Amino acid sequence: MSVTLNITKSKVAILELSRPEKHNAFNAEIIAELIKTIEYANELDVRALVLKTQGKHFSAGADLAWMKSMADNNYEENVADSMELAKLMHVLASSPHPTLCLVQGAAFGGALGLIACCDIAVAASDAKFCLSEVKLGLIPAVISPYVIKAIGERQARRYFLTAEVFKAEKALELGLIHEVTDNLGESETHFIELLLNNGPMAVKSAKALIEEVAGKQIEDALIKHTAKRIAEIRVSEEGQEGLSAFFEKRAPNWQPAASE
């Protein structure tokens, strides 16, 4: 299996792609494995989902041999194939769990879609990025909604068209990633600890809230909706525990023990 899923004692799901001999490039089989694994993880009672890969590079995007074989297929077959990649992006972007992506080495083409679909993305200081599709006479179509949401239309106008390689600091400036680090392992531990310190249902509700509010007009319907959302969580078991723990100056019951 090129895709593995491990659950830690702290209920963190670690999803790892291991195809280093192909620079973790996707083909139809890898996409199917990722979809199946992420869909399974989305149904689990876990606190976070971490996406990472083995080897020198995060991912070279689409496997060129696979892309060449798809070029021999007809239009309908290409649409069906592309819909599988679209499904992969959707199941990752719509995961109810907070998602963390760790990027090392090169991240090219469709790999930027995976990064943009995650809630938090951290890159090694020597990581490099490229929306390389136009170099091959293609376009970053399936990943475009997620990448444009991450970096904005104005920046997409440059990087979709130039296919230039950019460094981690530029990816940070663009908003594709949140942090540049010299130690991915330490950053992984740091962000997992941050997530585990927070109310599990509150984190998931906060993630859903972003989708419910982003881009909406601030009008009566939205104002009422947000008022109802905070009221619901205040009276919830978790909300009551969080408030009680704060006033009683103790750790809430969802925080892992120090030894975990």
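Parameters and conventions
- Residues numbered from 1 in each chain as written.
- Predicted model: local features only at pLDDT ≥ 70, side-chain atom pairs only at ≥ 80, totals over all residues.
- Heavy atoms only, no water.
- Helix = DSSP H or I, 4+ residues; strand = E, 2+ residues; numbered from the N terminus.
- Polar contact = N/O pair within 3.5 Å; in protein donor to acceptor, adjacent residues only side chain to side chain.
- Contact = heavy atoms within 4.5 Å.
- Axes fitted to C-alpha atoms, helices over the stretch in contact; angles between N-to-C directions.
- Parallel < 35°, antiparallel > 145°, perpendicular 65-115°, else oblique.
- Nonpolar A, V, L, I, M, F, W, Y, C, P; charged D, E, K, R; others polar.
- Core = buried A, V, L, I, M, F, W, Y, C linked by side-chain atoms within 4.5 Å.
- Buried < 20%, exposed > 50% of the residue type's maximum accessible area, 1.4 Å probe, protein only.
- Pairing = 2+ DSSP bridges.
- Phe/Tyr/Trp six-rings, centres within 6.5 Å; stacked < 30°, edge-to-face > 60°.
- Expected span 1.5 Å × (residues − 1).
- Arc of directions from axis to C-beta.
- Patch = residues over 30% accessible without salt bridge, like charges linked within 9 Å, V, L, I, M, F, W, Y side chains within 5 Å.
- Areas by Shrake-Rupley, 256 points an atom, 1.4 Å probe, with all protein chains shown as cover.
- Salt bridge = Lys/Arg side-chain N within 4 Å of Asp/Glu carboxyl O.
- Disulfide = S-S within 2.5 Å.

Trainee: Even after reading the chapter, I still don't get the side chain of Thr53, so can you show me in this structure?
Mentor: As for its placement among the helices and strands, Thr53 is situated in strand 3 (residues 48–53). Looking at Thr53, its side chain comes within polar contact range of the side chain of Asn24, at 3.4 Å. A polar side-chain atom of Thr53 sits 3.0 Å from a polar atom in the side chain of Gln104. Dropping the residues within four chain positions of it, Thr53 is found in contact with Glu16, Leu17, Asn24, Phe58 and Gln104.

Trainee: Just to check I follow, could you spell out the packing of helix 9 (residues 200–213) against helix 10 (residues 220–234) for this structure?
Mentor: Packed helix pairs are specified by the crossing angle of their axes together with the interaxial distance, meaning the distance between the axes. Following both chains from N to C, one finds helix 9 and helix 10 inclined at 175°, their axes separated by 12 Å at the closest point. One element, helix 9, and the other, helix 10, form an angle in the roughly antiparallel class. Listed contacts from helix 10 to Ala202, Ser205, Ala208, Leu209, Glu212 and Val213 of helix 9 are Leu222, His225, Thr226, Arg229 and Ile233. Grouping the constituent residues of the contact of helix 9 with helix 10 by class yields six nonpolar, three polar and two charged.

Trainee: What is the right way to read the nonpolar core from this model?
Mentor: For soluble globular proteins, the rule of thumb is that nonpolar side chains tend to be buried together. Residues Val103, Ile115, Phe129 and Leu176 are the most contacted members of the largest nonpolar core, which totals 49 residues. With 14 residues, the next largest nonpolar core counts Leu102, Ala124, Leu184 and Ile192 among its residues.

Trainee: Would you explain the sheet that holds strand 9 (residues 179–181) in this entry?
Mentor: Through backbone hydrogen bonds, the strands of a sheet pair up, either in parallel or in antiparallel fashion. Across the sheet, six strands lie side by side as 1-2-3-4-6-9; this open sheet has mixed pairing. The outermost strands of the open sheet, each flanked by one partner alone, are strand 1 (3–7) and strand 9. For this sheet, the mean inter-axis angle between neighbouring strands, taken without regard to orientation, is 20°. Where strand 4 (residues 99–103) and strand 6 (residues 120–124) come together, four bridges link them in parallel fashion. Note on strand 6: the bridge partner recorded for Leu100 is Ile120.

Trainee: Teacher, can you tell me more about the packing of aromatic side chains here?
Mentor: Given two aromatic rings, their pairing is described by the distance between the two centres and the angle made by the two planes. Within this structure, the stated rule accounts for three aromatic pairs. Where Phe246 meets Phe247, the ring centres are 5.3 Å apart and the plane angle is 80°; that geometry is what we call edge-to-face. Look at Phe246 and you get exposed, because its relative accessible area is 61%. Grouping aromatic residues by their ring pairs yields a cluster made of Phe129, Tyr159 and Phe166.

Trainee: Explain helix 8 (residues 184–196) to me, please; I cannot follow it from the model alone.
Mentor: Along an α-helix, a turn takes 3.6 residues, which lines up residues three or four apart on a common side. An ideal rise of 1.5 Å per residue puts 18 Å on 13 residues; helix 8 measures up with 18 Å between its terminal C-alpha atoms. Turning to helix 8, its buried residues number three or more, namely Leu184, Ser187, Glu188, Phe191, Ile192, Leu195 and Leu196. The arc enclosing the buried residues of helix 8, seen along the axis, measures out at 160°, which places them on a common side. On its buried face, helix 8 sits against strand 2 (12–17), strand 3, strand 4, strand 6, strand 9 and helix 9.

Trainee: Whenever I open this one, a nonpolar patch on the surface confuses me. Can you help?
Mentor: A grouping of Leu64, Leu136 and Leu138 is seen on the molecular surface, where their side chains present a nonpolar patch of about 290 Å² in accessible area. Summarising the element assignment, Leu64 is placed in helix 2 (residues 64–71).

Trainee: Looking at this model, I keep getting lost on the state of the cysteines. Mind explaining?
Mentor: Note on terminology: a disulfide is the covalent bond linking the sulfur atoms of two cysteines. Taken as a whole and judged by the stated rule, the model has zero disulfides. With no disulfide of its own, Cys118 lies 4.5 Å from the sulfur of Cys101, the closest cysteine sulfur. Classification of Cys118 as buried rests on a relative accessible area of 7%. Lacking any disulfide linkage, Cys130 is separated from the closest cysteine sulfur, that of Cys101, by 17 Å. Among the residues examined, Cys130 registers a relative accessible area of 0% and is labelled buried.

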